[in-house]
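Notes for the structure review
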Amino acid sequence: MILKHFQILGKKANQEDAYFYSQDHSLFVVCDGVGGRNGGEVASRTIVENIRKQYVSIADKKIDLTLINDMIRSAIEDLNEISTEQDTLDGMSTTLALLYVSNGRAYTAHIGDSRIRKLNQSNKEIWSTKDHSIVQELFDAGVLNSESDMQKHPYRNRITKAIVANNTKLSDVVFDEIPTIDNNDIFIVCSDGLLEHYTNNSLLDAFAKRDFEDVFFDMKMTCEKNSRDNSTVIIYKP
């Protein structure tokens, strides 16, 4: 098992990302407070901290998509309650990327453009969540042809969905199950700062050709030197 992570401020004045991974290395969460909204950093921290507390309290229960759904619902309710206590927090919002890995399978939940990837070094397989973003919609419509085109587009940072205080439907969160995982899989849970520099294919290529530690070091250095946005990255190899 390998677990690596980093968090970088980038060119922003505030750190609006928040993250958590459990001591048993089963639950991984990244949230990115949405820029331009009130209290983005409060929103991301609130969701992450609420999920963390719930996970600690239910660690002995069988965790499945239903329970993860309930955890996220509770976190959203907590965010709604906090927003009503302070006018400046009305409309605060955040993305969410959640990965739970146990007993050879994985569950994911996401909204916004924080992303979860599963890369397999042996069969060159890529599994990835699909961003809720304008550039993703343009790609799906055939207007953009590649992830590289998406990275260069002027609307690359504009998302279409997020967890917004007092204005979020749980049905907007996408839940997935990955029924089988193996020792060749590498999971990456990240905010969109990493997406400025890496595509799914470039990451798969890097891990396939180079040592894990070297790839991680290069990712961290690249984000430290060049990222405009906050960057939070968790890499997990079972």
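Below, the structure is looked at part by part. Given the structure is predicted, the values throughout are model-derived calculations rather than measurements. (Residues numbered from 1 in each chain as written. Predicted model: local features only at pLDDT ≥ 70, side-chain atom pairs only at ≥ 80, totals over all residues. Heavy atoms only, no water.)

Let's talk about helix H2 (residues 65-85)
- For H2, which comprises 21 residues, the first-to-last C-alpha distance of 31 Å matches the rise-based estimate of 30 Å (1.5 Å per residue) to within 8%.
- Those residues of H2 not exposed but buried are Leu67, Ile68, Asn69, Met71, Ile72, Ala75, Ile76, Leu79, Asn80 and Ser83.
- Tucked inside the fold, the buried residues of H2 contact strand S3 (27-32), helix H1 (40-57), strand S5 (96-102), strand S6 (105-111), strand S9 (163-164) and strand S10 (174-178).
- Sitting at the head of H2, Asp64 places a side-chain oxygen 3.2 Å from the backbone nitrogen of Thr66. (Helix = DSSP H or I, 4+ residues; strand = E, 2+ residues; numbered from the N terminus. Expected span 1.5 Å × (residues − 1). Buried < 20%, exposed > 50% of the residue type's maximum accessible area, 1.4 Å probe, protein only. Contact = heavy atoms within 4.5 Å. Polar contact = N/O pair within 3.5 Å; in protein donor to acceptor, adjacent residues only side chain to side chain.)

As for the sheet that holds S10
- Spatial strand order, S2-S3-S5-S6-S10: five strands in an open sheet with antiparallel pairing. The open sheet is flanked by strand S2 (17-21) and S10, the only strands paired with a single partner. Geometrically, the sheet is characterised by an average inter-axis angle of 10° between neighbouring strands, direction not taken into account.
- Lying on the sheet, H1 is in contact with S2, S3 and S5; it crosses S3 at an angle near 165°.
- Packed on one face of the sheet, H2 meets S3, S5, S6 and S10 and runs near 150° to S10. (Pairing = 2+ DSSP bridges. Axes fitted to C-alpha atoms, helices over the stretch in contact; angles between N-to-C directions.)

Description of the pairing of strand S7 (residues 115-120)
- Most of S7 sits inside the fold, with six of its six residues counted as buried.
- Across the two faces of S7 the burial is the same, with Arg115, Arg117 and Leu119 and Ile116, Lys118 and Asn120 all buried.
- Here six bridges tie S7 to strand S11 (residues 185-190), and the two strands are oriented antiparallel to one another. Within S11, the residue paired with Lys118 across the bridge is Phe187.
- Sheet analysis places S7 next to strand S8 (residues 126-128), joined by three bridges and oriented antiparallel. Paired with Arg117 across the strands is Ser128, a residue of S8.
- The loop that links S7 with its antiparallel partner S8 comprises five residues; one of these, Lys124, has a positive phi angle of about 60°.

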